[in-house]
Amino acid sequence: MRIILLGAPGAGKGTQAATLHEHLNAPHIATGDLFRAALSAGTPLGLEAKGYMDRGELVPDDVTVRMLLERISQPDASGGYILDGFPRSLAQAHALDEALRARNETIDRVLLVDVSEEELVRRLSGRWICRACQTPYHAISNPPRAEGVCDADGGELYQRDDDTLETVRNRLGVYRDQTAPLIDHYTEQRVLARINGEQEIDSVRADLLAALTQSHG
Ligand code: ADP
Ligand code: AMP
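Residues numbered from 1 in each chain as written. Chains lettered and ligands numbered in written order. Predicted model: local features only at pLDDT ≥ 70, side-chain atom pairs only at ≥ 80, totals over all residues. Heavy atoms only, no water.

## A closer look at the sheet that holds strand β6 (residues 136–138)
(1) Moving on: Taken in spatial order, the 3 strands of this open sheet run β6-β5-β7, and their pairing is antiparallel. Each end of this open sheet is capped by a strand with a single partner; those strands are β6 and β7 (157–158).
(2) Moving on: For strand β5 (residues 127–130) and β6, the ladder comprises 3 bridges, and the chain directions are antiparallel. Each residue of the ladder has a partner; that of Arg-127, found in β6, is His-138. (Pairing = 2+ DSSP bridges. Helix = DSSP H or I, 4+ residues; strand = E, 2+ residues; numbered from the N terminus.)

See below:
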């Protein structure tokens, strides 16, 4: 299956992608993770993306689309994938539609994880991420078993530079202006399912899995 997880920064996409990845046996492809990996490796792509990420702005569409299309052409994505954080603009959605059409493929489901802005700010300000495997934790609502250490692989947990209050406000504005229009785009394609993301992690997970087995709306 080819799935898109749509939702504002902090909605819980990365948290839920781990389960979906196991359930569907499909790779979890997060454009934010790809940019951060490029930046740690010091590649030109990473250095180009850095300024935009620091300001909480979108990296330009041409760069982002090229990176994503290359990633979904890898052999491990041939049977499907879970996209997280892409597309984030109508131009990106159109580029993806076009690339899929050329391969005679479609997106099976777009899962919109819906969370209020107040809760998004609370979640991002308490978020800790594993440096090695990118698993997200929350200081209060989803803490690791040992402070500062990832449950999955023992990796060191860190707070992202762009999870500061000022940058979070920018990122939420960018989501409202540039990404939220994708809700109409995928509603028109009759593939969108809206999930209440403001529940316990396990309840969100159950609703996401249920939406995957329901027929298209
Ligand atoms: P996204 O990938 O959409 O930006 P994350 O999965 O990184 O969001 O989650 C953002 C923060 O919210 C993390 O600290 C995570 O532990 C926490 N979180 C995720 N889902 C929930 C939930 N259902 N309830 C409370 N906190 C959550
Ligand atoms: P995320 O990890 O999804 O919160 O993304 C972190 C940052 O990476 C964003 O604030 C953007 O600067 C950049 N980014 C990630 N995905 C995209 C995308 N699809 N389009 C443009 N920029 C992106």
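## Remarks on the packing of aromatic side chains
(1) Moving on: By the definition in use, this model includes 0 aromatic pairs.
(2) Moving on: In this structure, Arg-55 packs its charged tip against the face of Tyr-52, placed 5.3 Å from the ring centre.
(3) Moving on: Directly above the aromatic system of Tyr-158 lies the positively charged group of Arg-131, at a separation of 4.5 Å from the ring centroid. (Phe/Tyr/Trp six-rings, centres within 6.5 Å; stacked < 30°, edge-to-face > 60°. Lys NZ or Arg CZ within 6 Å of the ring centre and 35° of its normal.)

## Quick look at the pattern of salt bridges
Opposite charge on two side chains lets them pair, provided their charged atoms get close.
(1) Moving on: Counted under the stated rule, the structure contains 16 salt bridges.
(2) Moving on: With a shortest N-O distance of 3.2 Å, Arg-194 and Asp-114 are connected by a salt bridge. Here the residue Arg-194 occupies a position in strand β8 (residues 192–196), and Asp-114 occupies one in strand β4 (residues 109–114), the gap between them amounting to 80 residues.
(3) Moving on: For Asp-114, a relative accessible area of 34% translates into the label partly exposed.
(4) Moving on: A salt bridge links Arg-131 to Glu-156; the shortest N-O distance between them is 2.9 Å. Of the two residues, Arg-131 sits in the loop between β5 and β6 while Glu-156 sits in the loop between β6 and β7, which places them 25 residues apart along the sequence.
(5) Moving on: Among the charged side chains, a salt-bridge network with shared partners connects Arg-127, Arg-160, Asp-162, Asp-163 and Arg-171. (Salt bridge = Lys/Arg side-chain N within 4 Å of Asp/Glu carboxyl O. Buried < 20%, exposed > 50% of the residue type's maximum accessible area, 1.4 Å probe, protein only.)

## Overview of the site of ligand 1
(1) Moving on: Among the 19 residues in the neighbourhood of ligand 1, the closest are listed as Gly-10, Thr-15, Arg-127, Tyr-137 and Gln-199.
(2) Moving on: At 2.9 Å from an oxygen atom of ligand 1 is found a main-chain nitrogen or oxygen belonging to Gly-14.
(3) Moving on: One of the backbone N or O atoms of Tyr-137 is found 2.7 Å from an oxygen atom in ligand 1.
(4) Moving on: Considered on its own, ligand 1 offers 560 Å² of accessible surface; in the complex 93% of this is hidden by protein.
(5) Moving on: Counting residues per element, the ones that place at least two in the shell around ligand 1 are α1 (13–24) and β6.
(6) Moving on: Grouping the amino acids of the shell around ligand 1 by side-chain chemistry returns 6 nonpolar, 9 polar and 4 charged. (Near = heavy atom within 4 Å. Polar contact = N/O pair within 3.5 Å; in protein donor to acceptor, adjacent residues only side chain to side chain. Areas by Shrake-Rupley, 256 points an atom, 1.4 Å probe, with all protein chains shown as cover. Nonpolar A, V, L, I, M, F, W, Y, C, P; charged D, E, K, R; others polar.)

## Things to note about the site of ligand 2
(1) Moving on: Taken together, 17 residues lie near ligand 2, and Thr-31, Arg-36, Glu-57, Gly-85 and Gln-92 sit nearest.
(2) Moving on: A distance of 2.9 Å separates a nitrogen atom of ligand 2 from a polar backbone atom of Gly-85.
(3) Moving on: Contact between ligand 2 and Gln-92: a nitrogen atom at 2.8 Å from a side-chain N or O atom of the residue.
(4) Moving on: When the free accessible area of ligand 2 is taken as 480 Å², the share hidden by the protein chains comes to 95%.

## Quick word on the pairing of strand β1 (residues 2–6)
Remember that side chains alternate between the two faces of the sheet whenever the strand is regular.
(1) Moving on: β1 sits mainly inside the fold: 5 of its 5 residues count as buried.
(2) Moving on: A two-sided burial pattern is seen for β1, the buried positions comprising Arg-2, Ile-4 and Leu-6 on one face and Ile-3 and Leu-5 on the other.
(3) Moving on: In terms of strand pairing, β1 meets strand β3 (residues 81–84) through 4 bridges, oriented parallel. Bridge pairing in β3 places Ile-4 opposite Leu-83.

## Considering α1
(1) Moving on: Taking 1.5 Å of rise per residue, 12 residues should cover 16 Å, and α1 covers 15 Å from first to last C-alpha, within 8% of that figure.
(2) Moving on: Asn-25 sits one or two residues past α1 and shows a positive phi near 55°. (Expected span 1.5 Å × (residues − 1).)

## Some remarks on the side chain of Asp-84
(1) Moving on: Inspection of the secondary structure assignment puts Asp-84 in strand β3.
(2) Moving on: Here Asp-84 is buried and forms no salt bridge, its nearest opposite-charge partner Lys-13 lying at an N-O distance of 4.5 Å.
(3) Moving on: Here the side chain of Asp-84 touches His-28 through a polar contact of 2.8 Å, side chain to side chain. (Lys, Arg positive; Asp, Glu negative; His and termini not counted.)

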